[in-house]
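Breakdown of the fold
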Amino acid sequence: MSTPPISLSAPIGPADAPLLVLGPSLGTSTVLWETTAPALAQRYRLLTWDLPGHGEAPPATEPFTVADLADAVADAVPGPFLYAGVSLGGCVGLELLLRHPDRVRAAALLCTGAAIGTNDGWQERAAQVRAQSTSTLIIGSAQRWFAPGSIEKNPDITGRLLRVLQETDDESYALCCEALAGFDVRDRLGRITAPVLAVWGAHDGVTPEESAREIAEGVRNGRAAGIADAAHLAPADDAAATASLLRDFFDDVSGARA
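In this text, all values refer to a predicted model and were calculated from it rather than measured experimentally. (Residues numbered from 1 in each chain as written. Predicted model: local features only at pLDDT ≥ 70, side-chain atom pairs only at ≥ 80, totals over all residues. Heavy atoms only, no water.)

1. Concerning the UniProt feature "domain: AB hydrolase-1" (unreviewed entry) in the protein chain
The residues that UniProt annotates with the feature "domain: AB hydrolase-1" (unreviewed entry) are residues 18-236. The straight-line gap between the two end C-alpha atoms of residues 18-236 is 23 Å; of that span, 42% is helix and 16% is strand. (UniProt positions renumbered as here; feature names shortened; annotations may be inferred. Helix = DSSP H or I, 4+ residues; strand = E, 2+ residues; numbered from the N terminus.)

This is the structure:
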């Protein structure tokens, strides 16, 4: 395994505020957090990051694991930080909590699981993308990612996210699928001591409420919450509700509330 190439955005928010790192879902980029970030940046210093071959990150050419992604984030981000990640970004958050407990003060894990899908399912998707490109995923992803009516209500960000998927490097996407195929930390959740918020979207068929509750009940200091008008990409579906949940949680655990 090699160190996977990721990229960090320029920070936004007050320079002296607690650092909050925001992680992406598979097939998305820092665009995922654009409508949620302004509310968070009022009290937090934000850094967002891109997966290999997604957004601004260089493509990957060698296999990597979710744990390798977590190490890459820990290496790239200075000092202790708060973390929020969606789907694969949430899996990275769990590995950060397990592998770098001294670095992550608290984590919000959105639309994710301690294991997601099946090994065979991820291997099949990797093979599909290598053979036919990420363009073949657009229709299915639009159905999984967004709540009913969300594309009509939020046409700019949903459209841009689907374009990010289409433009993602095929091999890098396939390698991310293979990393998810090997990801399962269900038997290690009890080792996580930092505060954790697990969030589900009411319309999420990929990582439903049970996935969030498994995390919240498995860690030592967990809580769970749902977003009624969200599917698998909560920050894009309902930026206001996502920002409110995250601000309340991180304000509570970091003491940032005025």
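2. Focus: the nonpolar core
Within the largest apolar cluster, 91 residues are counted, with the highest numbers of intra-cluster contacts made by Leu 88, Val 92, Leu 110 and Phe 250. Ignoring sequence-local partners within four residues, the contact set of Val 92 consists of Trp 49, Val 66, Leu 69, Ala 70, Val 73 and Tyr 83. (Core = buried A, V, L, I, M, F, W, Y, C linked by side-chain atoms within 4.5 Å. Buried < 20%, exposed > 50% of the residue type's maximum accessible area, 1.4 Å probe, protein only. Contact = heavy atoms within 4.5 Å.)

3. As for the pattern of salt bridges
If you walk through the whole model with that rule in mind, you get ten salt bridges. Across the pair Arg 160 and Asp 156 runs a salt bridge, and its minimum N-O distance is 3.9 Å. Placement of both Arg 160 and Asp 156 in helix H7 (residues 155-167) is noted, with a separation of four residues, approximately one turn of the helix. Across the pair Asp 252 and Arg 223 runs a salt bridge whose closest N-O atoms are separated by 3.3 Å. Separated by 29 residues along the polypeptide, Asp 252 in helix H11 (residues 239-254) and Arg 223 in strand S7 (residues 222-227) bring together distant segments of the chain. Residue classification places Arg 223 among the partly exposed residues on the basis of a relative accessible area of 33%. Overlapping salt bridges bring together Glu 34, Asp 156 and Arg 160 as one network. (Salt bridge = Lys/Arg side-chain N within 4 Å of Asp/Glu carboxyl O.)

4. Focus: helix H2 (residues 66-76)
In terms of residue burial, H2 counts as a mostly covered element, since nine of its eleven residues are buried. Listed in full, the buried residues belonging to H2 are Val 66, Ala 67, Asp 68, Leu 69, Ala 70, Asp 71, Ala 72, Val 73 and Ala 74. For H2, the capping residue at the N-terminal end is Thr 65, with a side-chain oxygen 3.3 Å from the backbone nitrogen of Ala 67. (Polar contact = N/O pair within 3.5 Å; in protein donor to acceptor, adjacent residues only side chain to side chain.)

5. Some details on unusual backbone geometry
Even without a glycine there, the phi angle at Ser 87 is positive, about 55 degrees. Take Ser 87: it is sitting in the loop between strand S4 (81-86) and helix H3 (88-99). By relative accessible area, which is 7% here, Ser 87 ends up buried. Here Cys 111, not a glycine, exhibits a phi torsion of approximately 50 degrees, which is positive. Here Cys 111 shows up in the loop between strand S5 (104-110) and helix H4 (119-132).

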